[in-house]
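Understanding the architecture of this molecule
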Amino acid sequence: MRHLPYFCRGQVVRGFGRGSKQLGIPTANVPEQVVDNLPADVSTGICYGWASVGSGDVHKTVVSIGWNPYYKNTKKSMETHIMHTFKEDFYGEILNVAIVGYLTPEKNFDSLESLISAIQGDMEEAKKRLELPEHLKLKEDNFFPVPKSKIMNGH
C-alpha cells in the first residue's frame, strides 16, 4: 500500500449496529463516499492508525476495510474502532482517521467467538506498532484539529 499513511475524514453515520451489540467492540462508520474514495491500492483487511472525533483528542485505532465476510456484506465499508471509551455516541460528528499501517487481510470466521478473538489480537498488535517512533509522530500530524483544551490564549 503505497499511499500510507492515508488520511480521511467523514461524518459518523449509523452502521449495522453489530460492533457494540454483538461484538462488544463499538465502531464508527463513515458514508459510502469516503470508502469509495479510498486509494485503489488500499487493501481490504485490518489496518491501524490514529483517530479523533471532531477536535477531540487523538487515540489509537484499528480500522476494518472491506466486506466483512462473516456478515456477508454486499457493500464495502470502513469501520473504525477507536481504542478509547467515549461517554456517549457521536453520530453526526466528524471522524478524522490516519491509517498508518496494515495488519491482516480480510477473512471469514467460523464463529462469533473466533471473530472477537481475532479483533482483540489485532487491537493488541496495533497498540504495539503505534508505539514505534515513525507511527507515534503521526499522532501529532496537523491533519488532526487541535483540541480546544490545547488552545492557549485564543491561539
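- An unreviewed UniProt entry lists the chain under the name Riboflavin kinase, with Balaenoptera musculus as the source organism.
- According to its UniProt record, the chain has this under Pathway (unreviewed entry): "Cofactor biosynthesis; FMN biosynthesis; FMN from riboflavin (ATP route): step 1/1."
- UniProt, in the comment section headed Catalytic activity (unreviewed entry), describes the chain in these words: "riboflavin + ATP = FMN + ADP + H(+)".

1. Notes on helix α3 (residues 112-129)
- In this model, α3 (18 residues) spans 26 Å end to end at C-alpha, consistent with the 26 Å of a helix rising 1.5 Å per residue.
- Considered for burial, the residues of α3 that qualify are L115, I116, I119, D122, M123 and A126. Relative to the axis of α3, the buried residues are bounded by an arc of 120° and lie together on one face. Opposite the buried face of α3, by more than 90 degrees, sit the exposed residues E113 and K128.

2. Observations regarding the packing of aromatic side chains
- Counted under the stated rule, the structure contains 3 aromatic pairs.
- Between F143 and F144, the aromatic rings sit 5.1 Å apart at their centres with planes inclined by 75°, giving edge-to-face as the arrangement. This pair shows no difference in class: F143 is buried, exactly as F144 is.
- Put simply, the rings of F7, F143 and F144 touch in pairs and so form one group of aromatic residues.
- Of note, R14 hangs over the ring of Y91, and the distance from its end group to the ring centre comes to 3.8 Å.

3. Some words on the pattern of salt bridges
- As enumerated under the stated definition, the model contains 4 salt bridges in all.
- When the shortest N-O distance is used, the salt bridge between E124 and K127 registers 3.2 Å. Placement of the pair is E124 and K127 together in helix α3, with a separation of 3 residues, close to one helical turn.
- Given the relative accessible area of 42%, E124 is considered partly exposed.
- Residues participating in the shared-partner salt-bridge network are E125, K128 and R129.

Reading the values: the criteria
- Sequence order as written defines residue numbering, which begins from 1 separately in each chain.
- Where totals are concerned, whole chains, interfaces and linings use all residues; where local detail is concerned, this predicted model gives features only for residues with pLDDT of at least 70, and gives and counts side-chain atom pairs only at 80 or more.
- With hydrogens and water set aside, each side-chain value is computed from the structure's full complement of heavy atoms.
- UniProt positions are given in the numbering used here, feature names are shortened, and annotations may be inferred rather than shown by experiment.
- Only DSSP runs of H or I reaching four residues or more are called helices, and only runs of E reaching two or more are called strands; each is numbered from the N terminus.
- What a helix is expected to span follows from its residue count: subtract one and scale by 1.5 Å.
- The buried label applies to any residue whose accessible area, calculated with a 1.4 Å probe on protein chains only, is under 20% of its type's maximum; exposed applies above 50%, and partly exposed to all values in between.
- Regarding the arc, it is the one traced by the directions from the helix axis to the C-beta atoms.
- Side-chain rings of Phe, Tyr and Trp, where Trp is taken by its six-membered ring, are said to pair if the distance between their centres is within 6.5 Å; with planes under 30 degrees apart they count as stacked, over 60 as edge-to-face, and otherwise as tilted.
- Look at NZ for Lys and CZ for Arg. If either is within 6 Å of the ring centre and within 35 degrees of the ring normal, a charge sits over the ring.
- When a carboxyl oxygen of Asp or Glu is within 4 Å of a side-chain nitrogen of Lys or Arg, the pair counts as a salt bridge.

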